[in-house]
Amino acid sequence: MNVDGTVLAGDVFERVGVDEVSSEHLEKPALTYWADVWRRFRQNKLAVFGLGLLVIIIVMLFLGPALSGKDYQYIDSSIRNQKPSAEHWFGTDDLGRDMFTRVCYGGRVSILIGLLCTVVMIVIGFTLGALAGLKGGWVDNLIMRLVEFVGNLPYLIIVVILTLVMGRSLFALVFAMSLTSWVGTTRMVRGQILQLKEQDYVEAARALGSDTWRIIMRHLLPNTLGIIMVQITMSVPGFIFGEAFLSYVGLGIRPPETSWGALASYGQEKLMFQPHMLFFPSLMIVLTTLSFHLIGDGLSDALDPKLRR
Amino acid sequence: MRNGQMLNTKDLFVSFKTYAGIVQAVRGVSFELEKGETLALVGESGCGKTVTAKALMGLLPNEQVEIGGEVGFHGENLLEYGEDEMTKIRGKHISMIFQDPMTALNPTMRIGDQIAESIIIHEQKTHAEARAEALEMLELVKIANAKERMNQYPFEMSGGMRQRVMIALALACNPEILIADEPTTALDVTIQAEILELIMQLQRERDMGVILITHDMGVVASISERIHVMYAGKIVEEGSVREVFYGPKHPYTFALMKSVPELSSTKQEPLYSIVGTPPDLINPPQGCPFAPRCEFAMKICKLEPPAGVSCGETQRSYCWLHHPDADITGVPEVLQGRSEAHAR
């Protein structure tokens, strides 16, 4: 009889020797990079809340018009200036158009502009920044002088001139906003690359025959992904704001197309009597911006390769 | 023994332009490497060992650096190659293992993909084929559970294992020459022996030429055949390991050997060390660079650099003591008696 009462049967002391399989057993399964990022992202409650909020907003933007069953351009003078109700969830505007449907359509435009501008900004910014940082010398000099030149151009004047020349279209707006936005990304990526290129693994990659392009794509990009993802999530709301501002001052989307900025601009005129016309577009801008910021914050922690354990 | 020269470095010069002035890091280094041979470049920190290796591989930055001399490889001078041509040489023909396995692997890539990478670059294989080869390489460097390890990231491994991965990485494309830059410095002693054994075994199997860069005499003794002792950017003595270890002919090599602690020694005395520090390479001394720290220095040593003197089958030493007129009173016996060699 053993101390705790179990009976030791006859053969438990038989020698079995080294167990080849379990002596080399790996403790934990290999997590993929993204699985690990997701695991750490989930631990951040606020970030998950932000992600949930964003998903809800996007679902609303795409399913909303179908749910409400209204057309965003349909004018019905008999239901002008209605307060929010069961029939018109966000009320109606002064032409009798359903605000909820308009907010959904406007949101699509706003988020599309935010994403497009960010993509353009990241692609240009990363490519130039990586080249400047990695190549150094005259390439670096040329790119950085360009960065200084573009960075010092007055943004608003450029946008005004461009929209005058190109007309007020979605493309013109994206082009104008992207034209000067990549400067910060370039600077940031260059700084990061300058630091990363001194890392042994970059030199090791060179010693094993990787060319510049491969080093950028395989070694530098994944290691700068953390800051790039954060930049993405932080700049989408920035561009949404930018678009809202331009539409607000009358340089953005042209009616009957609409965006949150255009809706807010329109609603501002009616603020005294129809506050809901300003309230709902603004609320959506605030919620979207908030959710992107929360996600960005969570991602910056989750993506940092140095924090992986 | 001499079964075909692979790499032939002649009079290699490397200088860096810095704010303080021009640093002459390597000043006329020549050596030859044969198939299946291990050549050790030995010397203290900052003597130009690593710079020599990087110059061979074309890894030095183009700007602020001047390289002279010749690096002959299959009858061509690698120093004349452009970046694109060097990219094809690196990894495929000449490969390199780095000192610190902790930082020489990309933290965001699975090790299987990192090994597959160079196979994809040089052998135009598909990803799947390359991964299969990478798995074989991992097994070759004796990593247990290679299949699972393929999908792991460097941070999930120990230093010794990462160095094995580095070796697998360097040897994936079956290079003719492997440059090992202090491959065991960052590892603890028991792992060091395993890694050296692994490098030796793979070298024998593949008949590679290995250039071993180290400051560890023990490592040199255990795996190399020939040794080049570097000091202040110059080679001061060269020869087979046997010759140099048992009969160092240069006072610097002699002092180096003397400063290695002996396990069998029972004497109660402080460990020998060389006085002073290596010279500043911005203004390297005119004569023998070791002269200021050399116990046996003569006037001539500070005026003119000594020529190489053959003093054995393959041994050469660059020292004025070998001159027939040299004052050898008080000079240890090993270093003496080279005067006849000089005459030879």
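Described below are features of the structure shown in this document.

Side note on the interface of chain A and chain B
- Each side of the interface is counted separately: chain A has 24 residues, and chain B has 32 residues.
- Elements supplying a minimum of two residues to the side of chain A that touches chain B: helix 8 (200-207) and helix 9 (212-248) of chain A.
- When its residues are assigned to classes, the side of chain A that touches chain B shows nine nonpolar, seven polar and eight charged.

Quick notes on the packing of helix 4 (residues 99-135) of chain A against helix 11 (residues 276-303) of chain A
Residue and element names in this part refer to chain A.
- Contact geometry of helix 4 with helix 11 gives a least axis separation of 10 Å together with a crossing angle of 35°. Both helix 4 and helix 11 take part in a crossing whose hand is right-handed. Where helix 4 approaches helix 11, its residues M99, V103, G106 and G107 are matched on the opposing element by M277, F280, P281 and M284.
- Taken together, the residues of the contact of helix 4 with helix 11 sort by class into six nonpolar, two polar and no charged.

Quick word on the environment of B:T314
Residue and element names in this part refer to chain B.
- Mapped onto the elements, T314 comes out in the loop between strand 11 (308-310) and strand 12 (316-318).
- As for T314 and E238, which are separated by 76 residues in sequence, their C-alpha atoms are 7.7 Å apart.
- The contacts of T314, once residues within four sequence positions are left out, are G239, S240 and E243.

Structural notes on the sheet that holds strand 4 (residues 65-73) of chain B
Residues and elements named next belong to chain B.
- Here we have four strands laid out as an open sheet, ordered 2-1-4-5, and antiparallel in their pairing. The open sheet is flanked by strand 2 (22-34) and strand 5 (76-77), the only strands paired with a single partner.
- Alignment of strand 1 (residues 5-17) against strand 2, held across ten bridges, turns out to be antiparallel. Paired with L12 across the bridge in strand 2 is V29.

Some thoughts on the nonpolar core
Residue and element names in this part refer to chain B.
- Core analysis: the biggest nonpolar cluster contains 156 residues, and A168, I179 and I211 have the highest contact counts within it.
- Viewed by domain, this core spans two of them, domain 1 (5-224) and domain 2 (250-335), each represented by three or more residues.
- Contacts of I211, omitting those with residues within four sequence positions, involve L33, L39, L41, A53, I177 and I179.

What about the packing of helix 9 of chain A against helix 11 of chain A?
All names here are of chain A.
- Direction vectors running N to C along helix 9 and helix 11 enclose 170°, while the axes themselves pass 8 Å from each other. When the axes of helix 9 and helix 11 are compared, the pair comes out roughly antiparallel. Of the residues in helix 11, those in contact with L225, G226, M229, V230, T233, M234, V236, P237, I240, F241 and A244 of helix 9 are I285, T288, T289, F292, H293, I295, G296, L299, S300 and L303.
- Among the residues making up the contact of helix 9 with helix 11, the classes are represented as 14 nonpolar, seven polar and no charged.

Things to note about the pairing of strand 7 (residues 177-181) of chain B
Residue and element names in this part refer to chain B.
- For strand 7, the tally of buried residues reaches five of five residues, placing the bulk of the element in the interior.
- Burial of strand 7 is two-sided: the residues I177, I179 and D181 facing one way and the residues L178 and A180 facing the other way are all buried.
- Looking at chain direction, strand 6 (residues 94-97) and strand 7 are connected through four bridges and run parallel. Looking at the pairing, I97 lines up with A180 of strand 7.
- In the sheet, strand 7 pairs with strand 8 (residues 209-214) via five bridges, with the strands oriented parallel. Counted as the bridge partner of I177 is G209 from strand 8.
- With helix 7 (residues 189-206) bridging strand 7 and its parallel neighbour strand 8, the resulting β-α-β unit is right-handed.

The rules behind these values
Residues numbered from 1 in each chain as written. Chains lettered and ligands numbered in written order. Predicted model: local features only at pLDDT ≥ 70, side-chain atom pairs only at ≥ 80, totals over all residues. Contact = placed C-beta atoms within 7 Å. Helix = DSSP H or I, 4+ residues; strand = E, 2+ residues; numbered from the N terminus. Nonpolar A, V, L, I, M, F, W, Y, C, P; charged D, E, K, R; others polar. Axes fitted to C-alpha atoms, helices over the stretch in contact; angles between N-to-C directions. Left-handed = near helix turned anticlockwise from the far one by under 90°. Pairing = 2+ DSSP bridges. Core = buried A, V, L, I, M, F, W, Y, C linked by C-beta atoms within 7 Å. Buried ≥ 20, exposed ≤ 12 C-beta atoms within 10 Å, placed from the backbone. Domains from an automatic or database assignment. Parallel < 35°, antiparallel > 145°, perpendicular 65-115°, else oblique. Right-handed = clockwise from strand over helix to strand, strands pointing away.

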